[in-house]
Amino acid sequence: METLKLEPMTEDQYLAYRQGAELDYAKNIADSGALPLIEAQQQASEDFQRLLPDGLHTDGHHLWTAYDGAEEVGMVWLHVEEKSDGRHAFGYDFAVREQLRRKGYGRAIMQAAEQACRELGVVSIGLNVFGFNAGARSLYEQMGFEVTSIRMRKRL
């Protein structure tokens, strides 16, 4: 791995990301058992429209493409907002290209995102992870993220 860097997404990158991400998000909602797939697809569409009404130009949202040299290796989407105790970030999405997973890019992208947050004056970063995503949960715990709430259910 060369030096990993984050660059703002281009409009073309955003359009490609948005199309795939909405589908992935719906599948994750359904796979978690929270909603059947049809309702999950509707929820995903509504969430993206609510969160990014102006796409890349939505205030407070930062969508970056991660590069290893000239190669696109992943992406990260953070929302930064001011609260009474300082600026806080929430990670809405974070991904490594599938064929490049388990090679250290996830950790490198997270570290680059943390550095970008420090430069923006952010005091904490939050995120959500689906319960079935053991790999992501493990990485986040290794990087110092702590559980703040747990949502549970039981199938009958």
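(A) The arrangement of the pattern of salt bridges in detail. Throughout the structure, instances matching the rule amount to seven salt bridges. Arginine 18 is paired through a salt bridge with glutamate 22; the nearest N and O atoms lie 3.3 Å apart. Of this pair, arginine 18 and glutamate 22 both sit in helix H1 (residues 11-32), four residues apart, roughly one helical turn. In this structure arginine 18 comes out as buried when scored by relative accessible area, which is 17%. In this structure glutamate 22 comes out as partly exposed when scored by relative accessible area, which is 21%. Between lysine 27 and aspartate 31 there is a salt bridge, and its shortest N-O distance comes to 2.6 Å.

(B) Structural context of helix H4 (residues 134-142). Residues of H4 that are buried include every one of Ala136, Leu139 and Tyr140, and no others. Buried residues of H4, viewed axially, fall in a sector of 95°; they line one side. When the buried face of H4 is taken as reference, the exposed residues oriented beyond 90 degrees from it are Ala134 and Gln142. Residues of H4 that are buried make contact with strand S4 (86-96), helix H3 (105-119) and strand S5 (122-127). Positive phi appears at glycine 144, one or two residues downstream of H4, with a value of about 95°.

(C) View of H3. Between the first and last C-alpha of H3 there are 21 Å, a value that for 15 residues agrees with the 21 Å anticipated at 1.5 Å per step. Residues of H3 that are buried: Tyr105, Gly106, Ala108, Ile109, Met110, Ala112, Ala113, Glu114, Ala116 and Cys117. Residues of H3 that are buried sit in contact with strand S1 (4-8), strand S2 (61-68), strand S3 (71-83), S4, S5 and H4. One or two residues past the end of H3 sits glycine 121, with phi positive at roughly 80°.

How each quantity is defined
All residue numbers refer to positions counted from 1 along the written sequence of the respective chain. Selection of residues for local features in this predicted model requires a pLDDT of at least 70, selection of side-chain atom pairs for listing and counting requires 80 or more, and totals for whole chains, interfaces and linings are taken over all residues. Calculated side-chain values reflect all of the structure's heavy atoms, with hydrogen atoms and water omitted. Each reported salt bridge corresponds to a side-chain nitrogen of Lys or Arg within 4 Å of a carboxyl oxygen of Asp or Glu. Think of it this way: any DSSP run of H or I at least four residues long counts as a helix, any run of E at least two long counts as a strand, and we number them from the N terminus. Here's how the labels work: a residue is buried when its accessible area is under 20% of the maximum for its type, exposed when over 50%, partly exposed in between, all with a 1.4 Å probe on protein chains only. The arc in question is the one spanned by the directions pointing from the helix axis to the C-beta atoms. Here, residues are in contact when the closest pair of their heavy atoms is within 4.5 Å. Each residue after the first adds 1.5 Å to the expected span of a helix.

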